[in-house]
Every structure is written in C-alpha cells, then in structure tokens.
Amino acid sequence: DTEKTFCIQSCSKPLSYLLALDEFGEDYVHQSVGTEPSGRAFNEIALKDVSKSPGEKHAIPHNPMINAGAIMTCSNKPVE
C-alpha cells in the first residue's frame, strides 16, 4: 500500500480547516464558510445565503469539506 500513489486533495480539506481555525479563530473563519451539510455533491458550485446585518446578505459555501468551502478556507488571510 505504501507504493501506491493517490491524490491528497480531499484529504487536505479537514487539515486546512483546522489550521485556519487555529490561526484565525472560529468567528473569522465562519464569516466566509458555513458549518452545515449541503446535501449536494462535493464538487457542485452552490452557496447558501447568510445575513451579515439587517438588510445585507451575502452567500458563502455550505461547509469546508466541499470544494468551494475548501477554497474559501485556504484563502483566509490575517485581519489588517
């Protein structure tokens, strides 16, 4: 088994999420990615609507384990 190659793409999603939580904190990370199951395929491009403040809406990926959520998790940057 150690000689067989495989793609770690999906295996890295929980690691990236944990690193982002550790570095930026839960509140900051969850502004750009949700925590709920989407009920959709991992590679489907679908966002859920969320409210930042009354009257203001934006859309974020459902969770960090789908492709769109993994991309958002890796794109977090420090608050300046």
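Here the structure is a predicted model, which is why all the values come from computation and not from measurement. (Residues numbered from 1 in each chain as written. Predicted model: local features only at pLDDT ≥ 70, side-chain atom pairs only at ≥ 80, totals over all residues. Heavy atoms only, no water.)

S.K.: Explain the pairing of strand 2 (residues 56-61) to me, using residue names and the numbers behind them.
M.R.: Sheet topology note: the strand 1 (residues 47-53)/strand 2 ladder contains 6 bridges and is antiparallel. Note on strand 2: the bridge partner recorded for Val50 is His58. In this structure, the hairpin formed by strand 1 and strand 2 is closed by a connection of 2 residues, where Gly55 is found at a positive phi of approximately 85°. (Pairing = 2+ DSSP bridges. Helix = DSSP H or I, 4+ residues; strand = E, 2+ residues; numbered from the N terminus.)

S.K.: With reference to specific residues and values, describe the environment of Gln9.
M.R.: Within the secondary structure, Gln9 sits in the segment before helix 1 (12-24). A relative accessible area of 54% means that Gln9 is categorised as exposed. Taking the C-alpha atoms as reference points, Gln9 and Asn67, 58 residues apart in sequence, are found 9.5 Å from one another. (Buried < 20%, exposed > 50% of the residue type's maximum accessible area, 1.4 Å probe, protein only.)

S.K.: Describe helix 1, with residues and values.
M.R.: It helps to recall that an α-helix has 3.6 residues per turn; residues three or four apart then point in one direction. The terminal C-alpha atoms of helix 1, which comprises 13 residues, lie 18 Å apart, in line with the 18 Å expected from a rise of 1.5 Å per residue. The secondary structure elements touched by the buried residues of helix 1 are helix 2 (26-29) and helix 3 (67-74). At the C-terminal side of helix 1, Gly25 shows a positive phi close to 90°. (Expected span 1.5 Å × (residues − 1). Contact = heavy atoms within 4.5 Å.)

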